[in-house]
Amino acid sequence: MRFQFCEQQPFDYDEYFSRAVTFLHKYKWIFCTNNTQFIRKGIIDSIPPDWVVDLGSASNDEFNRIPLGFVKDSWSCSFQEFLSELKRLSVEYAQHDCVTPKARKGISIKKCYELENLTSFIDDVRPGHESELLIDFGCGLGHLSQYVHERSGRHVLGIEGNGQLVQTAHKRQNELYPSSKQAVQYVNHFITDDSADVLQREVAARFPDCRQVSITGLHACADLSISAIRCFLRCAWVQQLIIMPCCYHKMEPQVAPNVSQFRNVPLSEALAGVLANGEADIVCRSFLRLGCQQTASRWKDLTIGDHLRHGRIMFRRGLIDAALSDGESVMVGKLRQVPDQTTVDNLLEQFTLDSAADSNAGWTEAHRVKLSSLITKYPDGHRLSEYLECLQTCLQSVCENVILLDRMCYMEQESKRCGVKIVRKLVRLKNDGLSPRCFIFYASKV
């Protein structure tokens, strides 16, 4: 069975969630621990010995293609099973890549790519006219707000919770784009699920002649994209939602930090029902973080040197964490060059015991003994660390699929409950190497 998300057909959320959650629960040891604690909590010892042999036998090209679905017949049955099920859990999405980004002063080429392609997508789904208003959720410095207006003449109301960013956006616009002062405006407001009335008042006061209102947002961090979905569903005066979610790991916990339950995960009844079968422990901070980490497209171009360097950095961070006692923490020093050999001395030169709680804090003989023992125990620790990173990269897309499809399922579920008919799309930007994990979440009321 191959999963495909398209505009014209319903998606089988129940089937996907059931299979994905069962799979993730089986292999939760790969991702359900903070990456700095993978030695302390024995994750490095959980990699099956036959997987270690298989990974070690791969050429660099083969190693890079593992998260992309590469499987070798000579590998162990259990590793082949893991990789084959991963392939079956892949989801095909429509792609959007209509614009080659041009460099813009003060904006990275990655952000230019996202900015220009989100704007072109908006134009594709709704050709602009002067009576249309876009509300830019989390507008920041106003780059998207201004670019949308430049391209299509739309009016834009930028909403930003950081007052300093709003002041800078106003100043920037007055200096660079004085003629668009009335067409693009900014409001200092922290958006929540209860912001609908505030937004409606601002729209009525600032743009009384606008007849079509849409919500958009570039890098709608953490719970902001959920608030956008709810505002779209609850407000009859909002016709469209076009938003790019990100930073899932910053989502608000249900009760307190470091718990597995989050206020907005799961959202849909379909995913909640699957997780209720004793597998809810996969929804943790590490799961959300992995959903927005490096993708297979970024992994595929790494050199042998890249892997060695990253593996050494990860191993060193894990070693120092495992040597700490309860309540201790470290400050990480940057290295110009990562040492080829990890020793107790060069570890303690890079990491400094945090003295915030104790001015006399410093490395002790007990720390040295523990580090020495761990270095001896894991002579190939840097390679094992990179093997773990490879396995996590394999799981990244499945984690993100679950997060995004849960949101789409929730929106379809709630629109039916409200009696609102919608069309929807979930579109990925094509250049995953330049802009990894970049999806456009779209819905329009019919």
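Please read these numbers as outputs of a predicted model, since none were measured by experiment. (Residues numbered from 1 in each chain as written. Predicted model: local features only at pLDDT ≥ 70, side-chain atom pairs only at ≥ 80, totals over all residues. Heavy atoms only, no water.)

Colleague: Residues and numbers for helix α6 (residues 109-125), please.
Modeller: Helix length check: α6, at 17 residues, gives a terminal C-alpha distance of 24 Å against a target of 24 Å (1.5 Å per residue), a fit within 8%. Most of α6 sits out of view: 13 of its 17 residues are buried. (Helix = DSSP H or I, 4+ residues; strand = E, 2+ residues; numbered from the N terminus. Expected span 1.5 Å × (residues − 1). Buried < 20%, exposed > 50% of the residue type's maximum accessible area, 1.4 Å probe, protein only.)

Colleague: Please give an account of the side chain of Thr393 that cites residues and values.
Modeller: Assignment of secondary structure puts Thr393 in helix α17 (residues 381-418). Every residue in contact with Thr393, bar those within four places of it in the chain, is listed here: Pro67, Gln294, Thr295, Ala296 and Trp299. (Contact = heavy atoms within 4.5 Å.)

Colleague: A description of the side chain of Glu160 should follow, citing residues and the corresponding values.
Modeller: Relative to the helices and strands, Glu160 is located in strand β4 (residues 155-160). The side chain of Glu160 sits in the buried core without any salt bridge; Lys111 is the nearest counter-charge, 9.3 Å away. At a separation of 2.8 Å, a polar atom in the side chain of Glu160 contacts the main-chain amide nitrogen of Gly140. Setting aside anything within four residues of it in sequence, one finds Glu160 in contact with Gly138, Cys139, Gly140, Leu165, Val166, Val187, Asn188 and His189. (Lys, Arg positive; Asp, Glu negative; His and termini not counted. Salt bridge = Lys/Arg side-chain N within 4 Å of Asp/Glu carboxyl O. Polar contact = N/O pair within 3.5 Å; in protein donor to acceptor, adjacent residues only side chain to side chain.)

Colleague: Give me the lowdown on the sheet that holds strand β10 (residues 422-429), citing residues and values where you can.
Modeller: Spatially, β1-β2-β10-β11-β7-β6-β3-β4-β5 is the arrangement adopted by the nine strands of the open sheet, whose pairing is mixed. Of all strands in the sheet, those with a lone pairing partner are β1 (3-5) and β5 (184-188), marking the two edges. Neighbour-to-neighbour, the strand axes of this sheet turn through a mean angle of 25°, independent of strand direction. Pairing between strand β3 (residues 132-137) and β4: five bridges, direction parallel. Across the sheet, the residue bridging to Phe137 is Ile159, located in β4. (Pairing = 2+ DSSP bridges. Axes fitted to C-alpha atoms, helices over the stretch in contact; angles between N-to-C directions.)

Colleague: Describe the pattern of salt bridges, listing the residues and the values that go with them.
Modeller: On inspection of all chains with the given rule, the structure shows 23 salt bridges. With a shortest N-O distance of 3.4 Å, Arg312 and Asp340 are connected by a salt bridge. Placement of the pair is Arg312 in helix α14 (residues 304-323) and Asp340 in the loop between β8 (330-332) and α15 (344-350), with a sequence separation of 28 residues. With a closest N to O distance of 2.9 Å, Arg417 and Glu414 form a salt bridge. Taken together, the positions of Arg417 and Glu414, both in helix α17 and three residues apart, correspond to about one turn of that helix. On the accessibility criterion, Arg417 (53% relative accessible area) is exposed.

Keep in mind that these numbers describe shape and distance, not what the molecule does.
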